[in-house]
Amino acid sequence: MWGEIDPPVPAVREQPSSCPSLSSCELEENSISPEVLQQRYRPIHTLQPLQDTQFVSHAESVSVDAMLEAIAKSASPVKSQQIGDAELTQQERRDELLQQYKSRPLVFLERYHAYLKPQDLCAFAHVCSDDRVQHYSKVIQRRAAACTNRTRVRNQRYAALRALQREGQYFSEEQMRMREPLLYEQYIGQYLTDEEVLERSQEAMQDDAQGAPAGGAGGLAHLLLNSYQERLIQNRLQEEQEREDGAQEEEDEEGEECPPQQKGWEPSPEEKALLREEFISQMHQHFLDGKDRDFNYSEVDENPDYDNLDIVSRDAEDKYFDEDDDSEEDEVENNAEEEDMTE
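Just so it is clear, the model here is predicted, and its values are computed rather than measured.

Regarding the environment of Val 133
Looking at the secondary structure, you find Val 133 in helix 6 (residues 131-167). Linking Val 133 and Leu 121, residues twelve residues apart in sequence, is a C-alpha distance of 8.8 Å. Residues in contact with Val 133, not counting those within four places in the same chain, are Leu 106, Leu 109, Phe 124, Val 127 and Cys 128.

Concerning the side chain of Arg 143
Structurally, Arg 143 can be placed in helix 6. Arg 143 sits in the buried class, given a relative accessible area of 16%. One polar contact links the side chain of Arg 143 to the main-chain carbonyl oxygen of His 113, over a distance of 2.7 Å.

Examining the packing of helix 4 (residues 90-103) against helix 5 (residues 105-112)
In the contact formed by helix 4 and helix 5, the axes pass within 5 Å of each other and the chain directions differ by 125 degrees. One element, helix 4, and the other, helix 5, form an angle in the oblique class. Of helix 5, the residues touching helix 4 (which contributes Leu 97, Gln 100, Tyr 101, Lys 102 and Ser 103) are Pro 105, Phe 108, Arg 111 and Tyr 112. Classifying every residue of the contact of helix 4 with helix 5 gives five nonpolar, two polar and two charged.

Digging into the pattern of salt bridges
Applying the stated rule across the entire model yields twelve salt bridges. The residue Arg 177 makes a salt bridge to Glu 174 at a minimum N-O spacing of 3.1 Å. Of this pair, Arg 177 and Glu 174 are both found in helix 7 (residues 173-179), three residues apart, which corresponds to roughly one turn of the helix. By the burial criterion, Arg 177 is buried, and Glu 174 matches it. For Glu 266, the salt bridge identified is with Lys 272, shortest N-O distance 3.8 Å. Taking relative accessible area as the criterion, Lys 272 reaches 24% and is therefore assigned partly exposed.

Looking at a nonpolar patch on the surface
On the surface, a cluster of nonpolar side chains totalling about 280 Å² of accessible area is made up of Leu 225, Tyr 228 and Leu 232. By the element assignment, Leu 232 lies in helix 10 (residues 216-253). Residue classification places Leu 232 among the partly exposed positions, given a relative accessible area of 42%.

So, the nonpolar core
Residues Phe 171, Phe 279, Phe 287 and Phe 295 are the most contacted members of the largest nonpolar core, which totals 21 residues. When contributions to this core are tallied by element, the ones reaching two or more residues are helix 6, helix 8 (181-187) and helix 11 (269-288). Per-element accounting of this core gives the leading share, five residues, to helix 11. Residues Val 64, Leu 97, Leu 106 and Leu 109 belong to the second largest nonpolar core, which totals 20 residues.

Rules of the game
- Residues numbered from 1 in each chain as written.
- Predicted model: local features only at pLDDT ≥ 70, side-chain atom pairs only at ≥ 80, totals over all residues.
- Heavy atoms only, no water.
- Helix = DSSP H or I, 4+ residues; strand = E, 2+ residues; numbered from the N terminus.
- Contact = heavy atoms within 4.5 Å.
- Buried < 20%, exposed > 50% of the residue type's maximum accessible area, 1.4 Å probe, protein only.
- Polar contact = N/O pair within 3.5 Å; in protein donor to acceptor, adjacent residues only side chain to side chain.
- Axes fitted to C-alpha atoms, helices over the stretch in contact; angles between N-to-C directions.
- Parallel < 35°, antiparallel > 145°, perpendicular 65-115°, else oblique.
- Nonpolar A, V, L, I, M, F, W, Y, C, P; charged D, E, K, R; others polar.
- Salt bridge = Lys/Arg side-chain N within 4 Å of Asp/Glu carboxyl O.
- Patch = residues over 30% accessible without salt bridge, like charges linked within 9 Å, V, L, I, M, F, W, Y side chains within 5 Å.
- Areas by Shrake-Rupley, 256 points an atom, 1.4 Å probe, with all protein chains shown as cover.
- Core = buried A, V, L, I, M, F, W, Y, C linked by side-chain atoms within 4.5 Å.

In structure tokens, the structure reads:
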């Protein structure tokens, strides 16, 4: 209204600033160390401790060296390569493995766990809280325990084999012929002359007659038993030969090439001796592998007495174990695949 005086407008009060002035904010940050500022403005996801690239102790470092050396010497591929690329040297394989281990130890463990041993597990102590480490640690320990048991069984069977060789009956030519008539025929029987076949029969009768009561009745009984055993051997030989012929026909139908057999070949005495040695060697391996169907292996595998038997020929034992180690290496990848399938 004309002549009225408007009421005074109240002054707006400014809110206090957390940083009263630009110069005061700058002074505040200038008074803070760079390390604190870096920690304040670091992204949250990077605040986790970088444990994956740390070696915790000297013992762990030594374990890493041994682990990398073992994997580098194995047949495991360590790097993707193109056709025509040069093969990595031993040192290059080791360097590649070290880089993988230092950058991603968990991935390293998943990839190469089939080649690790329990003593290698301390190399993963800095990530041992991870569930994957605990899982693969159990896998590695179970595999090592199974390997130890296989080694114990091998040792016991080898000791039993040496004992049976000294006893002389189980690994006699006639007994081996009864267990594997086709194998015997292929290596020895087909090259025997008529005189040698007759001599073999006479020796078998003499072996059966040992310990028999005196008199004609005992001799006749053993003659009949010999005749019966010979018929069993021949029947079994015929069955095994028919099975092998059938398998051979299937291979021929599939187009697989088979080495030609030399018909009418007559080995020399030296070659016959080599064939006999090969037959005996295969029979020994059959026994060690648990393939003798009529033998009770529980009497050997579960018998602690065979742990302390004196093994006469250490060289022969080493040869057997060296051959078996090759088969164990082949099993490593198969075991790894089976473990991955069960995970």
